[in-house]
Amino acid sequence: DTGVSQDPRHKITKRGQNVTFRCDPISEHNRLYWYRQTLGQGPEFLTYFQNEAQLEKSRLLSDRFSAERPKGSFSTLEIQRTEQGDSAMYLCASIRVAYNEQFFGPGTRLTVL
Amino acid sequence: AQSVTQLDSQVPVFEEAPVELRCNYSSSVSVYLFWYVQYPNQGLQLLLKYLSGSTLVKGINGFEAEFNKSQTSFHLRKPSVHISDTAEYFCAVRNNNAGNMLTFGGGTRLMVKP
(Lines give C-alpha, C1' and ligand atoms only; values in the text may rest on other atoms or scores of the structure.)
Protein backbone atom coordinates (compact mmCIF):
# COMPACT_ATOMS: atom_id res chain seq x y z
CA ASP A 1 0.00 0.00 0.00
CA THR A 2 1.63 3.21 -1.21
CA GLY A 3 -0.84 5.51 0.50
CA VAL A 4 -2.52 6.55 -2.76
CA SER A 5 -6.06 5.20 -3.03
CA GLN A 6 -8.37 4.95 -6.00
CA ASP A 7 -12.06 4.25 -6.20
CA PRO A 8 -13.63 2.20 -7.62
CA ARG A 9 -11.11 -0.55 -8.31
CA HIS A 10 -13.25 -1.96 -11.11
CA LYS A 11 -15.94 -0.41 -13.25
CA ILE A 12 -17.99 -2.09 -15.95
CA THR A 13 -20.18 0.16 -18.02
CA LYS A 14 -22.05 0.17 -21.27
CA ARG A 15 -20.92 2.19 -24.24
CA GLY A 16 -22.27 5.71 -24.12
CA GLN A 17 -22.49 5.94 -20.34
CA ASN A 18 -20.52 8.42 -18.23
CA VAL A 19 -18.10 7.26 -15.56
CA THR A 20 -16.15 9.03 -12.84
CA PHE A 21 -13.11 7.83 -10.96
CA ARG A 22 -11.59 9.22 -7.79
CA CYS A 23 -8.01 9.41 -6.59
CA ASP A 24 -6.90 10.32 -3.08
CA PRO A 25 -3.17 11.14 -3.04
CA ILE A 26 -0.81 11.10 -0.11
CA SER A 27 -1.84 14.09 1.94
CA GLU A 28 1.32 16.21 1.70
CA HIS A 29 1.79 15.57 -2.03
CA ASN A 30 1.04 18.67 -4.04
CA ARG A 31 1.35 17.14 -7.51
CA LEU A 32 -1.01 14.52 -8.92
CA TYR A 33 -0.83 12.62 -12.21
CA TRP A 34 -3.27 10.50 -14.19
CA TYR A 35 -2.01 7.76 -16.50
CA ARG A 36 -3.82 5.25 -18.69
CA GLN A 37 -2.57 1.70 -19.19
CA THR A 38 -4.05 -0.51 -21.89
CA LEU A 39 -3.60 -4.26 -21.87
CA GLY A 40 -0.02 -5.31 -22.47
CA GLN A 41 1.31 -1.75 -22.59
CA GLY A 42 3.08 0.61 -20.27
CA PRO A 43 1.23 3.50 -18.65
CA GLU A 44 0.78 6.66 -20.72
CA PHE A 45 0.53 10.15 -19.27
CA LEU A 46 -2.87 11.82 -19.44
CA THR A 47 -2.74 14.95 -17.28
CA TYR A 48 -1.34 16.40 -14.10
CA PHE A 49 -2.20 18.89 -11.39
CA GLN A 50 -0.08 21.00 -9.14
CA ASN A 51 -2.28 21.78 -6.17
CA GLU A 52 -5.64 22.60 -7.77
CA ALA A 53 -4.27 23.80 -11.12
CA GLN A 54 -4.34 21.47 -14.12
CA LEU A 55 -1.06 22.32 -15.83
CA GLU A 56 -0.79 19.92 -18.75
CA LYS A 57 -2.99 17.60 -20.76
CA SER A 58 -1.83 14.91 -23.15
CA ARG A 59 -3.20 14.65 -26.67
CA LEU A 60 -4.65 11.33 -25.43
CA LEU A 61 -7.12 13.30 -23.34
CA SER A 62 -9.98 13.85 -25.76
CA ASP A 63 -12.83 16.28 -25.18
CA ARG A 64 -14.81 13.48 -23.55
CA PHE A 65 -12.35 13.39 -20.67
CA SER A 66 -12.26 15.92 -17.87
CA ALA A 67 -10.26 15.98 -14.68
CA GLU A 68 -10.52 18.13 -11.60
CA ARG A 69 -8.71 18.57 -8.34
CA PRO A 70 -10.78 20.88 -6.21
CA LYS A 71 -8.97 22.33 -3.21
CA GLY A 72 -5.80 20.56 -4.26
CA SER A 73 -6.64 17.33 -2.47
CA PHE A 74 -8.46 14.43 -4.17
CA SER A 75 -8.91 14.34 -7.92
CA THR A 76 -11.63 13.02 -10.19
CA LEU A 77 -11.41 11.84 -13.78
CA GLU A 78 -14.66 11.75 -15.73
CA ILE A 79 -15.20 10.10 -19.09
CA GLN A 80 -18.35 11.07 -20.94
CA ARG A 81 -20.03 8.92 -23.59
CA THR A 82 -17.64 6.04 -23.03
CA GLU A 83 -16.35 4.04 -25.99
CA GLN A 84 -14.93 0.53 -26.08
CA GLY A 85 -11.51 2.03 -26.73
CA ASP A 86 -11.64 3.64 -23.31
CA SER A 87 -11.31 0.22 -21.69
CA ALA A 88 -8.06 0.39 -19.73
CA MET A 89 -6.52 0.68 -16.29
CA TYR A 90 -6.52 4.28 -15.07
CA LEU A 91 -3.67 4.96 -12.68
CA CYS A 92 -3.18 7.88 -10.37
CA ALA A 93 0.17 8.91 -8.92
CA SER A 94 1.24 11.63 -6.54
CA ILE A 95 4.51 13.28 -5.60
CA ARG A 96 5.81 16.09 -3.49
CA VAL A 97 7.46 18.58 -5.82
CA ALA A 98 11.28 18.45 -5.67
CA TYR A 99 11.14 14.81 -4.69
CA ASN A 100 11.75 12.14 -7.27
CA GLU A 101 9.45 9.21 -6.64
CA GLN A 102 5.90 9.07 -7.93
CA PHE A 103 3.70 6.91 -5.71
CA PHE A 104 1.05 5.02 -7.65
CA GLY A 105 -2.39 3.97 -6.57
CA PRO A 106 -3.82 0.50 -7.33
CA GLY A 107 -5.69 1.77 -10.38
CA THR A 108 -9.26 1.65 -11.63
CA ARG A 109 -9.90 -0.96 -14.29
CA LEU A 110 -12.58 0.22 -16.72
CA THR A 111 -14.38 -2.18 -19.01
CA VAL A 112 -16.71 -0.69 -21.61
CA LEU A 113 -19.12 -3.20 -23.09
CA ALA B 1 10.85 13.77 -27.08
CA GLN B 2 11.96 10.96 -24.84
CA SER B 3 11.19 7.31 -25.41
CA VAL B 4 11.85 4.00 -23.69
CA THR B 5 12.26 0.61 -25.33
CA GLN B 6 12.08 -2.64 -23.44
CA LEU B 7 13.51 -5.17 -25.81
CA ASP B 8 11.87 -8.28 -24.39
CA SER B 9 8.13 -8.54 -23.89
CA GLN B 10 8.47 -11.80 -21.95
CA VAL B 11 11.38 -13.39 -20.11
CA PRO B 12 10.93 -16.95 -18.83
CA VAL B 13 13.49 -18.10 -16.29
CA PHE B 14 13.86 -20.89 -13.79
CA GLU B 15 13.82 -20.21 -10.07
CA GLU B 16 17.25 -19.33 -8.60
CA ALA B 17 18.64 -18.46 -12.04
CA PRO B 18 19.97 -14.96 -12.80
CA VAL B 19 17.96 -12.59 -14.95
CA GLU B 20 18.50 -9.39 -16.91
CA LEU B 21 15.65 -7.23 -18.20
CA ARG B 22 16.78 -4.82 -20.87
CA CYS B 23 15.86 -1.17 -21.19
CA ASN B 24 17.08 1.43 -23.67
CA TYR B 25 16.05 5.06 -23.70
CA SER B 26 16.41 8.01 -25.99
CA SER B 27 16.80 11.52 -24.70
CA SER B 28 18.70 14.62 -25.70
CA VAL B 29 19.13 15.77 -22.12
CA SER B 30 20.21 14.28 -18.84
CA VAL B 31 17.71 11.82 -17.50
CA TYR B 32 16.34 10.31 -14.39
CA LEU B 33 15.57 6.60 -14.83
CA PHE B 34 13.29 4.28 -12.93
CA TRP B 35 12.25 0.65 -12.76
CA TYR B 36 8.78 -0.19 -11.47
CA VAL B 37 7.19 -3.58 -10.79
CA GLN B 38 3.49 -4.33 -11.23
CA TYR B 39 1.85 -7.40 -9.74
CA PRO B 40 -1.49 -8.56 -11.20
CA ASN B 41 -4.33 -6.11 -10.66
CA GLN B 42 -2.14 -3.75 -8.68
CA GLY B 43 -0.50 -0.39 -9.20
CA LEU B 44 3.19 0.21 -9.77
CA GLN B 45 5.81 -0.10 -7.06
CA LEU B 46 9.21 1.54 -7.38
CA LEU B 47 12.11 -0.93 -7.50
CA LEU B 48 14.96 1.53 -7.95
CA LYS B 49 15.95 4.83 -9.51
CA TYR B 50 18.97 6.51 -11.05
CA LEU B 51 19.25 10.24 -10.51
CA SER B 52 23.00 10.88 -10.55
CA GLY B 53 26.22 9.58 -9.07
CA SER B 54 27.13 5.90 -9.08
CA THR B 55 25.98 4.15 -12.21
CA LEU B 56 25.19 0.95 -10.30
CA VAL B 57 21.95 1.36 -8.43
CA LYS B 58 20.63 -1.09 -5.86
CA GLY B 59 16.94 -1.44 -5.20
CA ILE B 60 14.47 -3.48 -3.25
CA ASN B 61 14.01 -7.25 -3.40
CA GLY B 62 17.63 -7.84 -4.45
CA PHE B 63 17.35 -6.03 -7.79
CA GLU B 64 20.01 -3.73 -9.21
CA ALA B 65 20.43 -1.76 -12.41
CA GLU B 66 23.32 -0.18 -14.24
CA PHE B 67 23.11 3.15 -16.02
CA ASN B 68 25.20 3.22 -19.19
CA LYS B 69 25.18 6.65 -20.76
CA SER B 70 27.15 5.72 -23.88
CA GLN B 71 24.75 2.88 -24.68
CA THR B 72 21.70 4.75 -23.37
CA SER B 73 20.73 1.69 -21.37
CA PHE B 74 19.46 0.96 -17.90
CA HIS B 75 19.24 -2.82 -17.62
CA LEU B 76 17.74 -4.47 -14.54
CA ARG B 77 19.40 -7.53 -13.01
CA LYS B 78 18.90 -10.00 -10.22
CA PRO B 79 21.41 -12.76 -9.46
CA SER B 80 18.84 -15.29 -8.26
CA VAL B 81 15.11 -15.00 -8.86
CA HIS B 82 12.22 -16.35 -6.83
CA ILE B 83 8.76 -17.45 -7.84
CA SER B 84 7.45 -14.32 -6.15
CA ASP B 85 9.35 -12.15 -8.65
CA THR B 86 6.86 -13.16 -11.34
CA ALA B 87 5.37 -9.83 -12.41
CA GLU B 88 5.44 -7.11 -15.07
CA TYR B 89 8.44 -4.78 -14.98
CA PHE B 90 8.45 -1.28 -16.43
CA CYS B 91 11.36 0.97 -17.21
CA ALA B 92 10.62 4.70 -17.20
CA VAL B 93 12.36 7.98 -17.87
CA ARG B 94 11.35 11.21 -16.21
CA ASN B 95 10.74 14.10 -18.55
CA ASN B 96 12.83 16.98 -17.33
CA ASN B 97 10.30 19.61 -18.26
CA ALA B 98 8.04 21.43 -15.87
CA GLY B 99 5.69 18.50 -15.51
CA ASN B 100 8.24 15.79 -14.77
CA MET B 101 5.84 13.12 -15.96
CA LEU B 102 7.12 9.63 -16.64
CA THR B 103 7.48 8.00 -20.04
CA PHE B 104 7.26 4.22 -19.76
CA GLY B 105 8.45 1.35 -21.85
CA GLY B 106 6.06 -1.34 -22.97
CA GLY B 107 6.93 -3.63 -20.08
CA THR B 108 8.59 -7.02 -19.68
CA ARG B 109 6.73 -9.93 -18.17
CA LEU B 110 9.08 -11.95 -15.99
CA MET B 111 7.86 -15.52 -15.59
CA VAL B 112 9.75 -17.52 -12.97
CA LYS B 113 9.27 -21.25 -13.26
CA PRO B 114 9.92 -23.80 -10.52
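Residues numbered from 1 in each chain as written. Chains lettered and ligands numbered in written order. Predicted model: local features only at pLDDT ≥ 70, side-chain atom pairs only at ≥ 80, totals over all residues. Heavy atoms only, no water.

This part covers the state of the cysteines. Residue and element names in this part refer to chain A. If you walk through the whole model with that rule in mind, you get 2 disulfides over all chains. There is a disulfide in this structure between cysteine 23 and cysteine 92, and the S-S distance comes to 1.8 Å. Because the torsion about its S-S bond is -65°, the bridge between cysteine 23 and cysteine 92 counts as left-handed. Of the two residues, cysteine 23 is situated in strand β3 (residues 19–24) and cysteine 92 in strand β9 (residues 88–95); the sequence distance between them amounts to 69 residues. (Disulfide = S-S within 2.5 Å. Helix = DSSP H or I, 4+ residues; strand = E, 2+ residues; numbered from the N terminus.)

With that out of the way, let us pick up the side chain of arginine 94 of chain B. Mapped onto the elements, arginine 94 of chain B comes out in strand β10 (residues 87–94). Buried charged residue arginine 94 of chain B carries no salt bridge. Nearest counter-charge: glutamate 101 of chain A, at 11 Å. A distance of 3.0 Å separates polar atoms of two side chains, one belonging to arginine 94 of chain B and the other to asparagine 100 of chain A. Once you skip the residues sitting within four places of it in the chain, arginine 94 of chain B turns out to touch Tyr99 and Asn100 of chain A together with Gln2, Tyr32, Phe34, Asn100, Met101 and Leu102 of chain B. (Buried < 20%, exposed > 50% of the residue type's maximum accessible area, 1.4 Å probe, protein only. Lys, Arg positive; Asp, Glu negative; His and termini not counted. Salt bridge = Lys/Arg side-chain N within 4 Å of Asp/Glu carboxyl O. Polar contact = N/O pair within 3.5 Å; in protein donor to acceptor, adjacent residues only side chain to side chain. Contact = heavy atoms within 4.5 Å.)

Right, let's get into the pattern of salt bridges. The final tally for this structure, using the stated rule, is 9 salt bridges over all chains. Across the pair lysine 78 of chain B and aspartate 85 of chain B runs a salt bridge whose closest N-O atoms are separated by 2.8 Å. What makes lysine 78 of chain B buried here is its relative accessible area of 6%. On the accessibility criterion, aspartate 85 of chain B (3% relative accessible area) is buried. Among the charged side chains, a salt-bridge network with shared partners connects Arg64, Glu83 and Asp86 of chain A.

Summarising the model, chain A shows a mean pLDDT of 94, and 100% of its residues fall at 70 or more. Summarising per-element confidence for chain A, the mean pLDDT is lowest in strand β6 (residues 53–57) of chain A (93) and highest in β3 of chain A (98). (pLDDT = per-residue confidence, 0-100.)

Phi is mostly negative for residues that are not glycine, and the peptide bonds are mostly trans. All names here are of chain A. Note that the residue after aspartate 7, namely proline 8, is joined by a cis bond; omega there is -5°. Among the structural elements, proline 8 can be located in the loop between β1 (5–7) and β2 (10–13). Phi angles above zero are rare outside glycine, and asparagine 51 is one such case at about 55°. Position of asparagine 51 relative to the elements: it lies in the loop between β5 (44–50) and β6. Backbone geometry at arginine 81 places phi at a positive 50°, although glycine is not the residue there. Position of arginine 81 among the secondary structure elements: in the loop between β8 (75–79) and β9.

So, about the packing of aromatic side chains. Per the counting criterion, the structure on display carries 15 aromatic pairs over all chains. Taken together, a centroid distance of 6.0 Å and an interplanar angle of 55° make the contact between tyrosine 36 of chain B and phenylalanine 104 of chain B tilted. One end of the pair, tyrosine 36 of chain B, is in strand β5 (residues 32–38); the other, phenylalanine 104 of chain B, is in strand β11 (residues 102–104), with 68 residues separating them in the sequence. With respect to burial, tyrosine 36 of chain B and phenylalanine 104 of chain B carry one shared label: buried. Chaining the aromatic ring pairs together yields one cluster made of Tyr33, Tyr35, Phe45, Tyr48 and Phe104 of chain A together with Phe34, Tyr36, Phe90 and Phe104 of chain B. Sitting over the face of the ring of phenylalanine 74 of chain A, arginine 22 of chain A holds its NZ or CZ atom 3.9 Å from the ring centroid. Over the aromatic face of phenylalanine 14 of chain B sits the side chain of lysine 113 of chain B, whose NZ or CZ is 4.7 Å from the ring centroid. (Phe/Tyr/Trp six-rings, centres within 6.5 Å; stacked < 30°, edge-to-face > 60°. Lys NZ or Arg CZ within 6 Å of the ring centre and 35° of its normal.)

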